[in-house]
Each structure stands twice: as C-alpha cells, then as structure tokens.
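A structural walkthrough
Chain residues, written in single-letter form:
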Amino acid sequence: MEKKGLPLKEPGLQVDWRESFQGWGLSWIGLLNNQKGEWWLLAQVVLICAHILPSWSPELLDAWSWPAWLHVSGLMLFVVGLGLALQGFLALGPSLSPLPDPKPNAALITSGVYGRCRHPLYRAVVICSVGVVLAKGSLLHLALFLLLVALLNGKAHREEKRLCAVHPDYLIYRSNTPAILPRIPGLDWRKG
C-alpha cells in the first residue's frame, strides 16, 4: 500500500505497547544540555500542567458572567482533544517519543490520524487547551494557550528537521499533509 509515495504502516499488525515507552533516550545529561530536545518537552509539560491553575482575572469574570454554554462547550472540546490524543498514541505505537528527536529506527507513520495531520498529538494538546480556555473563561488560560501554540510550533519544526534527516520521504509527506491544524497560520506549514 502506498499513499503520497510513502509506505504505510500495515493495519492489523500486533504491536507490543511496552516498546512505545522504551528507548526515548531521556537522561539527566540530556536535560542539562538539551541534546534531544529535552527543554522543549520540559516547557511543554510545564505549560500543560499550568492549565490546572485557577481562573484569572476574577474581577473580569465578576463584571461579566461567562455563559454556561461556553463552559459546556469547553468541556466537550477538552474531551474531544483527549480522544484525538488517544488516537495519536495508538497510531504511533513503538515510534512514540515525547522528545522532538525521533527514536532510532522508528518507522515513519503516515496513515490513519497521521494521514490527516503530521502532528496529531500536538493538535490534541491545542484542542484540549482551547477547551480549557472556553471552560474557564480566563485571561491566564488564554495566555497559556498562546504560549503553548508557540512552543508546539517550535517543537514541531525541530522534530521535522530531524525527521527529514532520518526519513527522506518525509519531505513528500510534509508537502501534502497539514502540520497541526489545516489552513491556520502558524499551525500549518507545508514547507520547511
């Protein structure tokens, strides 16, 4: 099977999920020198965890009541994002890595959710963050969302440079498949 000139991951192959959580290359030395992009991961974790902070600015919310339908819409969007994250995790299988540098000998996955978007896990994080912003109606969470988008954009660009070096077919895949969210500036680039 081929799509856009790239080999596809064969559906139905048995995957040992323990392999997904091995071989990431995380180390204290890497954390100190950012050898495999550890600082990108650390910043991403901090920004994601900061989403549990309480809403700010309370005086703004007191002056203007945040509509209940936005709370509910935000929660629903958050759940959709979690579902998309699960799809991305399952599709990557043993190629899963939290670092922007790919695992050695990891397969290039271009089918399923990766056929619609090059970075579906980042897309899921962005959608979850939008859900939190809507659910909380908070300026703090809007700022966290904007920082997270900028960070994921930078992390994705680093990841793509490494993927181009390891998988020459990545250039074709990149030119035909949206990055994070299609047609949104800063979240979709089809060239370097």
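Residues numbered from 1 in each chain as written. Predicted model: local features only at pLDDT ≥ 70, side-chain atom pairs only at ≥ 80, totals over all residues. Heavy atoms only, no water.

With that settled, the discussion passes to the packing of helix α2 (residues 38-49) against helix α7 (residues 139-166). Packing of α2 against α7 leaves a shortest axis separation of 10 Å and a crossing angle of 160 degrees. In terms of orientation, α2 and α7 fall into the roughly antiparallel class. Along this stretch, α2 crosses α7, giving a crossing that reads as left-handed. From α2, Trp40, Leu41, Ala43, Gln44, Leu47 and Ile48 reach across to α7, where they touch Leu144, Leu147, Leu148, Leu151, Leu152, Gly154, Lys155 and Arg158. Considering only residue class, the contact of α2 with α7 consists of 10 nonpolar, two polar and two charged. (Axes fitted to C-alpha atoms, helices over the stretch in contact; angles between N-to-C directions. Helix = DSSP H or I, 4+ residues; strand = E, 2+ residues; numbered from the N terminus. Parallel < 35°, antiparallel > 145°, perpendicular 65-115°, else oblique. Left-handed = near helix turned anticlockwise from the far one by under 90°. Contact = heavy atoms within 4.5 Å. Nonpolar A, V, L, I, M, F, W, Y, C, P; charged D, E, K, R; others polar.)

Attention shifts here to α2. In a regular helix each residue adds 1.5 Å, so 12 residues correspond to 16 Å; α2 covers 16 Å between its end C-alpha atoms and thus fits that length. Tucked inside the fold, the buried residues of α2 contact α1 (28-33), α6 (120-136) and α7. (Expected span 1.5 Å × (residues − 1).)

Attention now moves to the packing of aromatic side chains. Under the criterion given, the structure shown has one aromatic pair. Relative to tyrosine 173, the ring of tyrosine 170 has its centre 5.4 Å away and its plane inclined at 70 degrees; by these criteria the two rings are edge-to-face. Of this pair, tyrosine 170 and tyrosine 173 both sit in helix α8 (residues 170-176), three residues apart, roughly one helical turn. Across the pair, tyrosine 173 and tyrosine 170 agree in class, each one buried. (Phe/Tyr/Trp six-rings, centres within 6.5 Å; stacked < 30°, edge-to-face > 60°. Buried < 20%, exposed > 50% of the residue type's maximum accessible area, 1.4 Å probe, protein only.)

Formed by 18 residues in total, the largest nonpolar core has its most connected members in Val126, Leu148, Leu152 and Ile180. When neighbours within four sequence positions are excluded, isoleucine 180 is seen to be in contact with Cys117, His119, Tyr122, Arg123, Val126, Leu152, Leu187 and Trp189. Counting 16 residues, the second largest nonpolar core, distinct from the first, contains Ala85, Ala91, Val113 and Ile127. (Core = buried A, V, L, I, M, F, W, Y, C linked by side-chain atoms within 4.5 Å.)

To continue, consider helix α4 (residues 68-92). In a regular helix each residue adds 1.5 Å, so 25 residues correspond to 36 Å; α4 covers 37 Å between its end C-alpha atoms and thus fits that length. Here α4 has its buried residues at Leu70, Gly74, Gly81, Leu84, Ala85, Gly88, Ala91 and Leu92. Next to the buried residues of α4 lie α5 (113-116) and α6. Looking one or two places after α4, you find glycine 93, whose phi comes out positive at around 55 degrees.

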